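# Coordinates in review
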Amino acid sequence: MKKELPHQLDRILGPENVSDTDVDLYCYSGAPPSRLPRLLGKMVPQVMPDLVVWPRSTEQVAELVKLANKSKTPLIPWGGGRGGGGGVIPVKKGSVVVDTRKMDRVLEVSEQGSFVTAQSGAYPEVIDSQIVPKGFFLPHDPASYWSSTIGGFLSTASAGWLAPKYGYIGDMVLSLEVVLPNGEVLRTRRAMKSSAGPNWNWLFVGAGGTLGIITEATLKIHLIPEERLIRIFRFDDVHPAFQTAFELARRNLNHCMLRVSDPDHARGLASVLGAPDPKGSWLIYGFDGPSEIVNVQDRVAFDIVSKRGGEDLGTEIGRTWWKKRYDYFYGKRPEYRTWAQDVLTTATTFERIEPIYKGLKEIFRKHGSRSAIHLTHILPKGAAMYCIFEFPYSEEGLKLNREIWDDGIRFVHSQGATMEHHHEIGLKLARHMGEELGYGMEMFRMIKRTLDPNNIMNPGKLGL
Amino acid sequence: MRLEKYSEDVITCNTCGNNFCRIWCPVHDQTRKESSFSAGLNHYALGILKGLTKYTPSSIQTIYQCTTCAACREARCLPGEAPFGAPIDTPGVVEAMRADIVSLKRTPEKIARLGANAQSTHNVYGEPHNARFKWLPKGAKPTKRASLAYFVGCTSAYRRPEIAEAQVEIMKRAGVEFTVLTGDEWCCGSPLLRTGQLKMAQQLARHNAASLAEKGVKKLITTCPGCYRAFKLDYPNELGVETGVDTVHSSEFLLNLIKEGDLKLSKKVPRRLTYHDPCHLGRHMKVYEPPREVLRRIPGVELVEMSRSGKYARCCGAGGGVQAAFQELASAIAGQRLSEAMETGAGILATACPFCKTAFAGAAERSGSSMRTLDIAELVLMSARGG
């Protein structure tokens, strides 16, 4: 970092928004002990950033990026800092962390247009606090709702529970404002579609802050539905549950949620809900909207599932599950901490799901790792598979974790599926990006070199 | 190292990474810093425990910026059941780090002054000890020796005497026989407990315990939640001082007086008001309902809740030594809470803590708000005077 940079940043941002204190540098570094998974602590270089800054406006971001570009200073865009892939860990000396969380204003709420424009550092509940009183909600509701920012959601291509009906975070984008690595500001037009060349919004969704810093987003919002019904069914085995769910998805009943838990996952889910071990699989579907329509959707879906052998467990348990939906993702007290957990999420079309399920289950078994698998997002187009697998809390366990990932990803790639449906790639899966994207990785590098010739934007992430 | 006592909490927090704990953190709301909220503080604490980092001027400052309000414990921290276990005790972790910092003789100057004042003047404000009961009305003559005592506390005695005056007048009206410790009342030690100055706190506790014993006190009333927690929890658990005294907060005591018919609330107080839960009364001691019940029993009062209330109430910003050492931060937090109170349309912000009252009165003055902050004792007295 150039000596004069802190002074220049003080001038642009105000000294209270620039920190080189050791406590800040420590808390924004990936140095172990890390709040990121321990395995990451072993994988990443221990580099402290030189500075942490908190801009408040797009103009400030543009100015600081221009300075950084001139001095070739690496910038690490920071949202909620919660992504499990280490995407915010500085890997180059002299880095400056750009914490976006003071850019948290809701700039516009349009009831007629059904959209909200917010700065990228806004937490989702800040947006909800402005739109819920007007009868709207932002239907992006992932497990990280309480810890992520809008910019973080976009940069990691996040997926919420209600994606089958309302889409993923990228689908909700009407327009974006991005500060590019040369300090220029890109503002895309507010339109749900355009035939005027490539859709640049999608260049930045899932790019992990490697191509620019998202500073504002205009997102589609929806009227709060009159009713949301969630029903759970039990199946003796996972096969009929999978096939029934695919049938429901093909019928395109406009479900807001459709999930299948294998017996291992259903057991864990049931224990958190205080229900007995189902000794079988669970299928969960949800519909929301006007009650009259929801009732019809439920009736049609109910018939399909019942005819295929699903045993109705009712909607009360569905309501409880929804209420407790954030309660599965915590740290653990020592008495429960014998095993660490990691998650592989893949996605593909229906006909490949069962072979992949069986193949991954076998890989986990072969490595002596217990696994619990569920299909989290079943859309008319295909399904996402969420595999929780365990490994011991030890040096050996960390090696095992890496082997499982390598075998698992090799396998899903052989099946034509993606290695990651909705979690951050960051550093954790960077080594597999070449396999994942094929020549696409070379294209990604070319785009990166063109937009960011000095490689200042979050260097070292996503295999770049 | 006192922090070692909390190593299980620190390690457990570091296995999480959810950061849900930031959602109610009043300090993070202001600073937006990773180091400000529970997960960041526990991240740093693990670094200390593992010898990877140490107490530095900036980390000491950050550790002392926590109000120890305990909102993080309620903010989607580990649900209290398997496979998660109970929430992380971050206020405990922070106070342990502070105690270690004090042991290393690295106490920030403004914090150390609280301890020095308590030692020389027996109150944290450095006011003359003989002025502690200056507010006591001339006609008021508490019994010299009684089984019931009112412990005034430094803040009511020197900064908010109207609360003490109201409490005493209420007890007189209700015909309650009580005593006060007068010259033998020293600071309860709460500000020192919260800031890691445990040795000094223990001296104060021993003195107060002896004074209570000398007066034959069996039951103690406090109008300050800090004193309440100190006597009830910290004296026996942290400081090893047994008083043998049953401590109640004034909200519980007032409710009992009203319920028993010893205090008649006859004058209408036709006002819309909202109640702010003091952190040390609510989250720390789980006293949520008695103050509300007292307010509901005042004729004419319309009680409305803020969007964050009960265990989710935002801190006033004054706790944990923050008011003493970081006034700007404390003021900003108080201002935010005052805005939440104003959103309810209430004209009075009721609370049950002299620290909170001071914080909100200051915030209202700075913002030009007409919102009045009153302690429940003052509101009760308004109504009781009509009888």
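Just so we're clear, the structure is a prediction, and the values are computed from it rather than from any experiment.

A word on the overall build of chain A. Each helix and strand in chain A was counted, giving 16 helices and 18 strands. Over its C-alpha trace chain A gives a radius of gyration of 23 Å, about what one expects of a compact globule, namely 23 Å for 464 residues. The buried share of chain A, reckoned over its 464 residues, is 61%. Expressed as a percentage of contacts within chain A between residues at least 6 apart in sequence, the contacts between residues at least 24 apart total 72%. Of the accessible surface of chain A, which amounts to about 18,600 Å², a share of 52% is contributed by carbon and sulfur atoms. The positive charge centre, built from 57 side chains, and the negative charge centre, built from 53, are 3 Å apart in chain A.

The next subject is empty space enclosed by the protein. All names here are of chain B. Using the criterion set out here, one finds four cavities of 30 Å³ or more in the structure. By volume, the largest cavity is sized at about 150 Å³. What lines the largest cavity is a set of 18 residues, among which Cys 13, Cys 16, Cys 21, Cys 77 and Ile 88 lie closest to the centre. For the lining of the largest cavity, the elements supplying multiple residues, two or more each, are α1 (7–14) and α3 (38–49). Looking at the lining of the largest cavity, its residues break down into ten nonpolar, six polar and two charged. Space inside the second largest cavity adds up to approximately 120 Å³. Forming the boundary of the second largest cavity are 17 residues, of which Cys 25, Pro 26, Cys 66, Cys 69 and Cys 72 lie nearest the centre. When contributions to the lining of the second largest cavity are tallied by element, the ones reaching two or more residues are α2 (26–31), α3, α5 (71–74) and α6 (90–103). A breakdown of the residues in the lining of the second largest cavity according to their chemical character gives twelve nonpolar, five polar and no charged.

Each side of the interface is counted separately: chain B has 45 residues, and chain A has 44 residues. Here chain B and chain A share four salt bridges between them. A salt bridge links A:Asp24 to B:Lys33; the shortest N-O distance between them is 3.0 Å. Linking chain B with chain A are 16 residue pairs in polar contact (both at pLDDT 80 or more). Every element with two or more residues in the side of chain B that touches chain A is listed here: α1, α2, α3 and α4 (57–65) of chain B. Of all the elements, α3(B) adds the most residues to the side of chain B that touches chain A, at six residues. Of the residues in the side of chain B that touches chain A, the class split is 18 nonpolar, 19 polar and eight charged.

For the rest of this paragraph, the subject is the side chain of B:Thr344. Residues and elements named next belong to chain B. With respect to the helices, strands and loops of the structure, Thr 344 is situated in the loop between α16 (327–343) and β6 (348–351). Reaching out from Thr 344, the side chain makes a polar contact with the backbone oxygen of Ala 341 at a distance of 2.5 Å. Not counting the four nearest positions on each side in its chain, Thr 344 is found in contact with Arg 272, Thr 274, Val 304, Glu 305 and Met 306.

Taken as a whole, the second largest pocket spans an internal volume of roughly 910 Å³. A:Glu125, A:Val126, A:Asp128, A:Ser129 and B:Arg308 are, among the 33 residues lining the second largest pocket, the residues nearest its centre. Looking at the lining of the second largest pocket, the elements with two or more residues in it are α5 (124–131) of chain A together with α16 of chain B. A total of five residues in the lining of the second largest pocket trace back to one element, the largest contributor, which is α5(A). Among the residues forming the lining of the second largest pocket, the class breakdown is 14 nonpolar, five polar and 14 charged.

Let's shift gears to the pattern of salt bridges. Under the definition given, this model contains 57 salt bridges over all chains. Among the salt bridges present, the one from B:Glu162 reaches B:Arg160, with a minimum N-O distance of 3.0 Å. Accessibility expressed as a relative area gives 23% for B:Glu162, which makes it partly exposed. One salt bridge connects B:Arg229 with B:Asp234, and the closest N-O pair in it is separated by 2.9 Å. The exposure class of B:Arg229 is buried, given its relative accessible area of 13%. We classify B:Asp234 as buried; its relative accessible area is 1%. Shared partners join several salt bridges into a network, and the residues in it are A:Asp262, A:Asp264, A:Arg267, A:Asp277 and A:Lys361.

What counts as what
- Residues numbered from 1 in each chain as written.
- Chains lettered and ligands numbered in written order.
- Predicted model: local features only at pLDDT ≥ 70, side-chain atom pairs only at ≥ 80, totals over all residues.
- Heavy atoms only, no water.
- Helix = DSSP H or I, 4+ residues; strand = E, 2+ residues; numbered from the N terminus.
- Rg over C-alpha atoms; globule rule 2.2 N^0.38 Å.
- Buried < 20%, exposed > 50% of the residue type's maximum accessible area, 1.4 Å probe, protein only.
- Contact = heavy atoms within 4.5 Å.
- Areas by Shrake-Rupley, 256 points an atom, 1.4 Å probe, with all protein chains shown as cover.
- Lys, Arg positive; Asp, Glu negative; His and termini not counted.
- Charge placed at Lys NZ, Arg CZ, Asp CG, Glu CD.
- 1 Å grid on protein atoms, 1.4 Å probe; cavity = no way out; pocket = protein on both sides within 12 Å on 5 of 7 lines; lining within 4 Å.
- Points joined across faces, edges and corners; volume = space filled by probe spheres on them.
- Nonpolar A, V, L, I, M, F, W, Y, C, P; charged D, E, K, R; others polar.
- Salt bridge = Lys/Arg side-chain N within 4 Å of Asp/Glu carboxyl O.
- Polar contact = N/O pair within 3.5 Å; in protein donor to acceptor, adjacent residues only side chain to side chain.

Geometry only, nothing functional implied.
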